[in-house]
Amino acid sequence: MVFEIEVNNKLISARKGETILQTLTQNGLSVPTLCYMEGFTPTGACRLCVVEVEGQQDLIPACSHKVEEWMSIKTHSPRVVEARKTIVELLLANHPDDCLYCVRNGNCGLQRLAEELNVNERRFTGKKSRFKTDPSSTSMIRDQEKCILCGRCVRVCEELTGVSTLDFIRKGDATSISTALNKPLNLSNCIACGQCIMMCPTGSLYEKSHFSELQDALHNPDRHVVIQYSPAVPITIAEEFGMKAGKDISGLLNAALRKIGFEKVFNTAFAGDIQILEIATELADRLESKQNMPLFSSCCPSWIKFVEQTHADLLPRLSVCKSPQQILGAIIKSHYAKMASIAPENIYTASVMPCIARKMEAQREEMTNKGIAEVDVVLTTRELIRLIKLYGIEILHNESENADAPYSSSSSAGVLSAVSGGLTEAVIRTLHYKLTGRELTQAKLPETRQNKPRKEFTITMGSKQVGFAIINGMVNAKSLLDQLAAGRTDIHFVEVMACAGGCVCGGGQPISIKHQDLKARIKAIYDFDEKESIKLAHKNPIVNDLYNNYLNKEGKAETPALLSTSYHKREALR
C-alpha cells in the first residue's frame with residue numbers, strides 16, 4: 001500500500017511496512033546513522049537517526065520506527081540537529097584525540113558526523129576509558145579506546161559470519177565489547193574474515209600492516225622481491241582512483257607495481273587454474289572411492305579455521321589443495337627460483353589479497369617448505385592503495401603492461417573463484433571433462449550465479465549424478481552441515497565462502513563501498529569469463545606446460561608439498 005506523508009513541509013511517497021529511514025532514503029533524503037546496517041534488523045541504539053514527528057513528545061529513531069499515513073516529519077529541525085550533535089559530542093568526549101595518526105583518518109564515520117554537525121569544540125570532559133591495544137592476532141588489531149559501542153561488529157560476527165567472537169560485556173559506563181572471557185583475539189574463536197573491520201565506523205578494528213617489512217625488502221639489494229595479486233584486486237582499485245567501479249585495470253596495476261620496485265609481477269589467477277585441476281582430480285577420485293564425502297572447498301582460510309575450531313569431524317572431508325595464493329607462493333620459490341637461478345631464501349614474495357585472513361594463512365606452519373615461508377607478506381587491497389599513493393604513482397598516467405611470464409595469464413575459470421559460486425562453476429567444467437572425456441556444451445552455469453545465500457543443484461556427468469552446494473556467507477552453512485550430519489548423501493561438493501558474495505566482498509577491500517559498486521565488481525568477473533577465449537582450467541597451455549615439464553617430473557614426493565597441505569583440530573574460546 002502506497003500513501004503520502006509530509007516530510008519537511010513537502011509530500012513524499014511511502015509504503016506501508018517500511019521504516020521511516022527506508023522511506024526517506026528512497027526519496028533522496030539522508031539522515032545520519034552509526035548503528036544501522038542495511039539488511040540487518042534495526043536496533044535504534046545510537047539514536048543519531050532521530051527525527052521529529054508532529055504529535056510525538058520524544059524524538060523517534062527513523063531506522064526502527066515504521067512509517068504511518070498520518071505522519072508529519074522534520075528531519076533537520078533545530079531540536080533534531082541539537083540532539084544529534086550532543087550524541088556525537090558525548091562520543092568524542094570518550095574518544096582518543098589522534099585522528100591525524102588513525103588508520104581511518106578521512107574515512108571515519110564519527111569524524112564525518114562531527115564535521116557535518118559542525119562540532120568544533122569540546123563541550124564535555126571527563127575521565128576517558130582506557131584499554132590496551134590488542135595486536136595478538138596475525139591478521140588484525142583491536143583498539144578498544146576507539147570503540148563507540150555501536151554494536152555493528154557484534155551483529156555482523158553473529159548474524160553474518162555465525163561465529164560470535166565479540167559481544168557486549170559489563171554494564172553501565174563500564175560497558176565494552178570484547179571476546180569470551182575478555183581474552184586477546186589470538187585466544188578467541190575469531191576466524192579473521194575481517195567483516196567486523198568493514199562494519200566498524202571508526203578505527204577500533206583494522207588489519208595488521210606489514211609496510212615496514214615490505215619497505216625493507218624492496219630496498220634490500222640482496223632480496224629479489226616479487227608480487228602476486230588476486231583477480232579481485234584490479235577490478236576493485238579502479239573506483240579508488242576515480243575510474244568506473246568494476247573496471248579491470250590489471251595492465252595499469254602491473255605498471256604501477258613495477259614502478260614501486262617489484263622485480264616480477266604475477267597473476268594469482270594462474271594458480272587458480274592449478275587449484276581447479278587439483279580439486280577436480282580430488283573430487284573425481286572421491287566419487288570413485290565414495291570415501292570422505294562430500295568434498296569441502298579449502299580456498300577460504302576463514303572457513304578452514306572455522307572447521308578446525310568447531311567441526312573437527314569434517315577435517316577429512318576438506319580438500320587438501322592449497323589456496324591459489326599459497327600454490328603460487330610455493331611455485332615461485334621452487335619452479336621460478338630454479339628458472340631464475342635464485343636461492344629460494346633470497347626471494348621475497350608479497351601477495352595482494354581482498355582478504356585479511358590470507359595474512360593468517362600465510363603464517364601457518366603448514367605453509368612453509370623446508371623452513372621457508374611460501375608467502376612472506378600479505379597486503380590487503382586497502383594497503384595496496386595506500387602503497388601506490390605512498391610512492392606518488394599516478395596510476396592513470398601509466399601505460400598498460402602485461403604481468404610477467406611464466407605466471408602471466410589464466411583461463412577465465414581461474415578468475416571466477418573471486419565470486420561466490422565461481423570455484424564450483426570452474427571445477428564443474430573440468431570435472432565434466434575428466435568424467436566424460438567431453439566438454440560441457442555450455443560453459444556458463446546459471447545455477448552457480450544465482451544471488452542466494454545457499455544454492456544446491458545436481459548435474460549429470462556420464463553415468464554419475466553429482467550434487468553441488470554453494471554457501472554464500474558462512475552463517476548459511478549451519479543448516480547444510482546439520483543435514484549432512486543427519487545422513488544426507490546427495491551432495492558431493494560444497495563450496496563455502498565466509499564473506500557474502502565471495503572474495504570480491506572480502507574484509508580487505510575498501511571500506512564504505514556502495515552496494516552498486518559491489519555488484520559492478522561481480523559483473524566484471526562474469527564479463528571477463530564471457531570475453532575470454534580460454535574458459536577451462538585444463539585448457540590453459542602455460543599450466544599444462546608447468547605440469548608436463550616440472551610438476552610431474554619432480555615426482556610424487558615433491559608435487560604434493562607444493563600443491564597440498566593438511567589441517568588439524570584447534571581449541572578456541574567461544
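Residues numbered from 1 in each chain as written. Predicted model: local features only at pLDDT ≥ 70, side-chain atom pairs only at ≥ 80, totals over all residues. Heavy atoms only, no water.

A. The overall build of the chain, seen in detail. A count of helices and strands for the chain gives 18 helices and 19 strands. In summary, the chain has a C-alpha radius of gyration of 25 Å against a globular reference of 25 Å for 574 residues, a match within 12%. Taking the principal axes of the C-alpha coordinates as reference, the chain spans close to 80 × 55 × 50 Å. Relative to its full complement of 574 residues, the chain shows a buried share of 56%. The long-range share in the chain, meaning contacts at least 24 apart out of those at least 6 apart in sequence, stands at 74%. Split by element, the accessible area of the chain, about 25,100 Å² in all, is 49% carbon and sulfur. In the chain, which carries 68 positive and 65 negative side-chain charges, the distance between the mean positions of the two groups comes to 2 Å. (Helix = DSSP H or I, 4+ residues; strand = E, 2+ residues; numbered from the N terminus. Rg over C-alpha atoms; globule rule 2.2 N^0.38 Å. Buried < 20%, exposed > 50% of the residue type's maximum accessible area, 1.4 Å probe, protein only. Contact = heavy atoms within 4.5 Å. Areas by Shrake-Rupley, 256 points an atom, 1.4 Å probe, with all protein chains shown as cover. Lys, Arg positive; Asp, Glu negative; His and termini not counted. Charge placed at Lys NZ, Arg CZ, Asp CG, Glu CD.)

B. View of the packing of helix α6 (residues 211–218) against helix α12 (residues 381–390). Contact pair α6 / α12: the axes reach a minimum separation of 12 Å and the direction vectors enclose 50°. Our classification of the angle between α6 and α12 gives oblique. The way α6 lies across α12 gives a crossing that is right-handed. Between α6 and α12, the contacting residues are F211, L214 and Q215 on the first element and E383, R386, L387 and L390 on the second. The class makeup of the residues in the contact of α6 with α12 is four nonpolar, one polar and two charged. (Axes fitted to C-alpha atoms, helices over the stretch in contact; angles between N-to-C directions. Parallel < 35°, antiparallel > 145°, perpendicular 65-115°, else oblique. Left-handed = near helix turned anticlockwise from the far one by under 90°. Nonpolar A, V, L, I, M, F, W, Y, C, P; charged D, E, K, R; others polar.)

C. Quick look at the pairing of strand β3 (residues 50–53). Judged from the two bridges that link them, β3 and strand β4 (residues 60–61) form a sheet pairing that is antiparallel. Paired with V51 across the bridge in β4 is I60. Here β3 folds back onto β4 in antiparallel fashion, the turn holding six residues, of which G55 has a positive phi close to 95°. Note that β3 and strand β5 (residues 72–74) share two bridges and pair antiparallel. Considered in β5, the bridge of E52 is made with K74. (Pairing = 2+ DSSP bridges.)

D. Expanded view of the sheet that holds strand β16 (residues 377–380). Strand order in the open sheet made by the four strands is β11-β10-β13-β16, with parallel pairing throughout. If you trace the sheet from one side to the other, it starts and ends with β11 (264–267) and β16, each paired once. Across the sheet, the axes of successive neighbouring strands diverge by a mean angle of 25°, strand direction being ignored. Note: strand β10 (residues 224–229) against β11, four bridges, orientation parallel. In the sheet register, Q228 faces β11, and the bridge partner there is F266. Taken strand by strand, α6 contacts β10, β13 (347–353) and β16, and its axis lies near 135° from that of β13. Strands β10 and β11 of the sheet are contacted by helix α7 (residues 250–260), whose axis makes an angle of about 160° with β10.

E. Here's a closer look at the pattern of salt bridges. By the definition in use, this model includes 35 salt bridges. R449 serves as the salt-bridge partner of D529, at 2.8 Å between the closest nitrogen and oxygen. In this pair, D529 sits in helix α16 (residues 515–531) while R449 sits in the loop between α14 (422–436) and β17 (454–461), placing the two residues 80 residues apart along the sequence. There is no split in this pair, since D529 and R449 are both buried. (Salt bridge = Lys/Arg side-chain N within 4 Å of Asp/Glu carboxyl O.)

Read these as spatial facts, not as claims about activity.
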